[in-house]
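Take a look at the letters that make up each chain.
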Amino acid sequence: MTSTPGVRPEITDFYTRSDEASRLNSTATGTLELARTRELRRHLPPAPARVLDVGGGPGTHARWLAEDGYTVHLVDPVPKHVSQAAALDGVTAELGDARHLTAAASTYDVVLLLGPLYHLHDKTDRLSALTEAARVARPGGLIAAAAISRYSPLLDYIATTGITEPAIQDGVRDNLDQGRYAGQRGFTVAYFQTSTELRAEVTEAGLTDPTLYGIEGPGWVAVKAIEKYTDTNLLGTAMYDAALAAARLAEPHPALTDASAHVLAITRT
């Protein structure tokens, strides 16, 4: 079984082998990402508006959107994900590429790009994904595009594996300088962005005046470190509640945006 042409095979292989369907439900940091992403609700038009979930994986976000009454169609380049998403109530799914959507112009009220940008190393490809999202969105439609923070590998290594090994330092230094990740440890090839770069690319794609949010906030690193070194799940604890509260408090402060693991741009056509 193969994915859409043009998608790097190591990306398809990684997601075929991994359990993306449970990633946002098995740890406190994953649940923090999910809870904060679900706060998209404040920007969404009323249901049953039409939502196109591009790169939506196994349907983690499509599920809650459908449960909220939205009409959800998901596009993903990984066959395993398409099968998982298509099995969800109220969700349709197809194999596809964010850079070449099959949807007609101006057909969706909301277009989500919560995964594609950080698997596209080349700027031209990221701009293609953004301009495709703009093409299929209705006038005034909402577009939400997520990126992995350029600084998240540095913070993640502090929290989980230490950063004293020279080889790790070299990799992190290269990522900080170039944004490119070769998939050495626990993830696949990816491109990590600063919030400034994300804003510039959204604007270059013709989507003006994006609002940027740090998704997990600055507290995710402490949560991840505690879970790692104590082998404790912090869901439902005061520490998790504090990290969630901190993420919300940090939203209006751009200097804290890049301290999150993910950055979300909200804009309209």
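Procedures and definitions
- Here the residue index of a chain counts from 1 through its sequence in written order.
- With pLDDT at 70 or above as the cut-off, local features in this predicted model cover only qualifying residues; side-chain atom pairs require 80 or more to be listed or tallied, and sums for whole chains, interfaces and linings still use all residues.
- Values reported for side chains reflect all heavy atoms of the structure, with hydrogen atoms and water molecules removed beforehand.
- In this description a helix means any DSSP run of H or I spanning at least four residues, a strand means any run of E spanning at least two, and both kinds are numbered starting from the N terminus.
- A radius of gyration in this sense is built from C-alpha atoms; the matching globule rule multiplies 2.2 Å by the number of residues raised to 0.38.
- Relative accessibility under 20% of the residue-type maximum defines a buried residue, over 50% an exposed one, and the middle range a partly exposed one, all with a 1.4 Å probe and only protein chains included.
- The criterion used for residue contact is that any of the two residues' heavy atoms lie within 4.5 Å.
- Only the protein chains shown count as cover for residues, with accessible areas throughout obtained via the Shrake-Rupley method and a probe of 1.4 Å.
- In this tally Asp and Glu are treated as negative and Lys and Arg as positive; neither His nor the chain ends contributes.
- For charged residues, the charge sits on one atom: NZ in Lys, CZ in Arg, CG in Asp, CD in Glu.
- Expected helix span is taken as 1.5 Å per residue step, with the number of steps being one fewer than the number of residues.
- Pairing of aromatic rings covers Phe, Tyr and the six-membered ring of Trp, with a centre-to-centre limit of 6.5 Å; geometry is then stacked below 30 degrees between planes, edge-to-face above 60, and tilted otherwise.
- Either the NZ atom of lysine or the CZ atom of arginine qualifies as a charge over a ring when it sits within 6 Å of the ring centre and within 35 degrees of the ring normal.
- Salt bridge, as applied in this entry: a Lys or Arg side-chain nitrogen positioned within 4 Å of an Asp or Glu carboxyl oxygen.

Caption draft 1: Here's a closer look at the overall build of the protein. Helix and strand counts for the protein stand at 11 helices and 9 strands. A globule of 269 residues ought to have a C-alpha radius of gyration of about 18 Å, and the protein, at 18 Å, matches this closely. On the principal axes, the C-alpha backbone points of the protein span a range of 50 × 35 × 35 Å. Going through the 269 residues of the protein one by one, you find that 53% of them count as buried. Once local pairs closer than 6 in sequence are excluded, the contacts in the protein between residues at least 24 apart make up 72%. Within the structure as shown, the protein displays about 11700 Å² of accessible surface, and the carbon and sulfur contribution to it stands at 56%. One way to put it: in the protein the 24 positive side-chain charges average out to a point 2 Å from where the 32 negative ones average out.

Caption draft 2: Expanded view of the environment of Glu-33. The topology assignment puts Glu-33 in helix H3 (residues 28-37). Owing to a relative accessible area of 8%, Glu-33 belongs among the buried residues under this scheme. Contacts of Glu-33, omitting those with residues within four sequence positions, involve Arg-23, Leu-24, Ile-215, Glu-216 and His-262.

Caption draft 3: Fine view of helix H6 (residues 123-136). Relative to the 20 Å expected for 14 residues at 1.5 Å per residue, H6 spans 20 Å between its end C-alpha atoms, a close match to the ideal helical length. The complete set of buried residues in H6 reads Arg-126, Leu-127, Ala-129, Leu-130, Glu-132, Ala-133 and Val-136. Where H6 is buried, its residues contact strand S1 (50-54), strand S4 (108-113), strand S5 (137-148), strand S7 (190-191) and helix H9 (195-204).

Caption draft 4: Molecular detail of the packing of aromatic side chains. What the rule picks out here adds up to 3 aromatic pairs. With 5.0 Å between their ring centres and 80° between their planes, Phe-14 and Tyr-15 make a pair best called edge-to-face. When its relative accessible area of 15% is taken as the criterion, Phe-14 is described as buried. Take Tyr-15: its relative accessible area is 9%, and that puts it in the buried class. Their ring planes at 20° and their centres at 5.8 Å tell us that Tyr-181 and Phe-192 sit as a pair that is stacked. In this pair, Tyr-181 is assigned in strand S6 (residues 180-181) and Phe-192 in the loop between S7 and H9, connecting sequence segments 11 residues apart. In this pair, the class of Tyr-181 matches that of Phe-192, namely buried. Looking at Arg-42, its charged tip hangs above the ring of Tyr-213, at a distance of 4.9 Å from the centre. Arg-50 extends its terminal NZ or CZ atom over the ring of Tyr-108, reaching a point 4.4 Å from the ring centre.

Caption draft 5: A look at the pattern of salt bridges. Overall, the coordinates contain 21 salt bridges when judged by the stated rule. The salt bridge partner of Arg-8 is Glu-10, with a shortest N-O separation of 3.0 Å. The partly exposed category is assigned to Glu-10, whose relative accessible area is 32%. Between Asp-170 and Arg-173 there is a salt bridge; the shortest N-O distance is 3.0 Å.

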